[in-house]
Amino acid sequence: MATRNLRHEAKKDDGPVDGATMTRLMDELKLAFTAEFRTFAASLESRLDGIQLAVTDHTQRLASVEDGLNTWSGRMVELEARCTAQDEVIGKLKTKLTDVESRSRRSNIRILGLDESLHSDHPSVFFAEILVEIMGKDVLPEPPELDRCHRMPTPKPAPGSRPRAVIARLHRYGIKETIILEARKRRGKLTYKGKPILIFEDYCPEVVEQRARYRDVMGPLYQQGFKPSLQFPARLVIRTKDGTRMHLPSPKDAEDFLKTRPEEAPTPASSLHQIQTR
């Protein structure tokens, strides 16, 4: 502002300017420029100090964040290692739990097709007598001893719907094996009061899920005469026409095997009646 005033005063004088006046004006202009420059420099220095303080603060914060991230990164690595170890432990525990549950069901059989109207105050005795009628006295000369017997613990179905399965626990494992082997031989031929009956082993849900994966390939294997069977828990074994036993470790392996075989005429439908994997 001071320099502007000096320039304005110089323009007012239209006459010639002597040396002393010029020197005075130059000195005043120099002083004015110096004062303005110092004022601007002081303002700029103040702003730079503020910026420097902000940069220092941000640097400290970033260092703190970096330290925190390094700490959390280390903890995450440790947590991932623990989770991996826990996953292995959980996997082993699940396998053991499935095995324990499967062993607890070893003496159980599952009977499908018995009408919901069939019930008694003494189901163990009642269904034991029904088993004799289903299997015949040549297989079961007398009612087998059942430790317990009950319907599946699900809501009672509506009339006309599929009846719930009956779960029976045989007191003697040998009799249970006799019933299962005979049921496999006569699959599709077991009846009770004119209605078809199916009898299977009682597996835990995890095993049922594993065995169900083979459902789509079992029918074609039967049709081509390979006599497939699922060993516990879910190991597919087939017998070729020359008597060789083959193990197909997965459903995909079974599908690939079928693709390599020529199409053959299906066996009679009676022998394939309600093929299931359970």
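Going by the structure above, here's the rest.
Described in the following lines is the structure provided in the data block. All values reported here derive from a predicted model rather than from experimental measurement. One numbering rule holds for all chains: residues counted from 1, following each sequence as written. Local features are withheld for residues below a pLDDT of 70 in this predicted model, meaning they are given only at 70 or higher, and side-chain atom pairs are given and counted only at 80 or more; totals for whole chains, interfaces and linings count all residues. With hydrogens and water excluded, all non-hydrogen atoms of the structure serve as input to the side-chain values.

**Focus: the packing of helix α2 (residues 19–104) against helix α5 (residues 205–212)**
Piece 1. Orientation is described by lines fitted to C-alpha atoms, with helices fitted over the stretch in contact, and by angles between N-to-C directions that extend from 0 to 180 degrees. Helix and strand labels come from DSSP, where a helix needs a run of H or I of at least four residues and a strand needs a run of E of at least two; each type is numbered from the N terminus. Look at α2 against α5: their axes get within 9 Å of each other, and the N-to-C directions meet at 95 degrees. As far as their axial angle goes, α5 and α2 are roughly perpendicular. Residues T98, E101 and S102 of α2 form the contact with α5, whose own contacting residues are P205, E206 and V207.
Piece 2. For this classification, Asp, Glu, Lys and Arg are treated as charged, while Ala, Val, Leu, Ile, Met, Phe, Trp, Tyr, Cys and Pro are nonpolar and the rest, including Gly, are polar. A per-class count over the contact of α2 with α5 returns 2 nonpolar, 2 polar and 2 charged. Note that the term roughly parallel is reserved for angles under 35 degrees, roughly antiparallel for angles over 145, roughly perpendicular for angles of 65 to 115, and oblique for everything else. Two residues form a contact once any of their heavy atoms are found within 4.5 Å.

**Quick word on the pattern of salt bridges**
Piece 1. The rule for a salt bridge is simple: a side-chain nitrogen of Lys or Arg has to be within 4 Å of a carboxyl oxygen of Asp or Glu. Using the criterion set out here, one finds 15 salt bridges in the structure.
Piece 2. The salt bridge involving E201 is made with K176; its shortest N-O contact spans 2.6 Å. Highlighted residues: E201 in strand β6 (residues 198–201) and K176 in helix α4 (residues 173–185), separated in sequence by 25 residues. Like E201, the residue K176 is buried in the burial classification. Whether a residue is buried, partly exposed or exposed follows from its accessible area with a 1.4 Å probe, protein chains only, as a fraction of its type maximum: under 20%, in between, or over 50%, in that order.

**Side note on a nonpolar patch on the surface**
Piece 1. To count toward a patch, a residue needs a relative accessible area over 30% and no salt bridge; like charges are then connected within 9 Å, while nonpolar side chains (Val, Leu, Ile, Met, Phe, Trp, Tyr) are connected within 5 Å. Throughout, the Shrake-Rupley method with a 1.4 Å probe supplies accessible areas, and for residues the shown protein chains are the sole cover considered. Side chains of F40, L44, L48, I51 and V55 sit close together on the surface and give an oily, nonpolar patch of about 470 Å² of accessible area.
Piece 2. Along the chain, the position of V55 falls in helix α2.

**Examining the sheet that holds strand β8 (residues 235–239)**
Piece 1. Between any two strands, at least two bridges found by DSSP are needed for them to pair. Taken in spatial order, the 3 strands make up an open sheet running β7-β8-β9, and their pairing is antiparallel. The outermost strands of the open sheet, each flanked by one partner alone, are β7 (229–231) and β9 (245–248). Direction aside, neighbouring strands of the sheet carry axes that sit 35 degrees apart on average.
Piece 2. Bridge count for β8 against β9 is 4 bridges, and the pairing is antiparallel.

**Quick look at unusual backbone geometry**
Piece 1. A cis amide bond, omega -5 degrees, links F232 with the succeeding residue P233.
Piece 2. For P233, the location among the structural elements is in the loop between β7 and β8.
Piece 3. Phi at K193 takes a positive value of approximately 55 degrees, unusual for a residue other than glycine.
Piece 4. Positive phi, close to 50 degrees, is recorded for K227, a residue that is not glycine.

**Topic: the side chain of S102**
Piece 1. Summarising the element assignment, S102 is placed in helix α2.
Piece 2. At 2.7 Å, the side chain of S102 and the backbone oxygen of T98 are in polar contact.
Piece 3. The contacts of S102, once residues within four sequence positions are left out, are C204, V207 and F232. Definition of a polar contact: a pair of N or O atoms within 3.5 Å, with one able to donate and the other able to accept a hydrogen when the atoms are protein atoms, and with sequence-neighbouring residues admitted only if both atoms are side-chain atoms.

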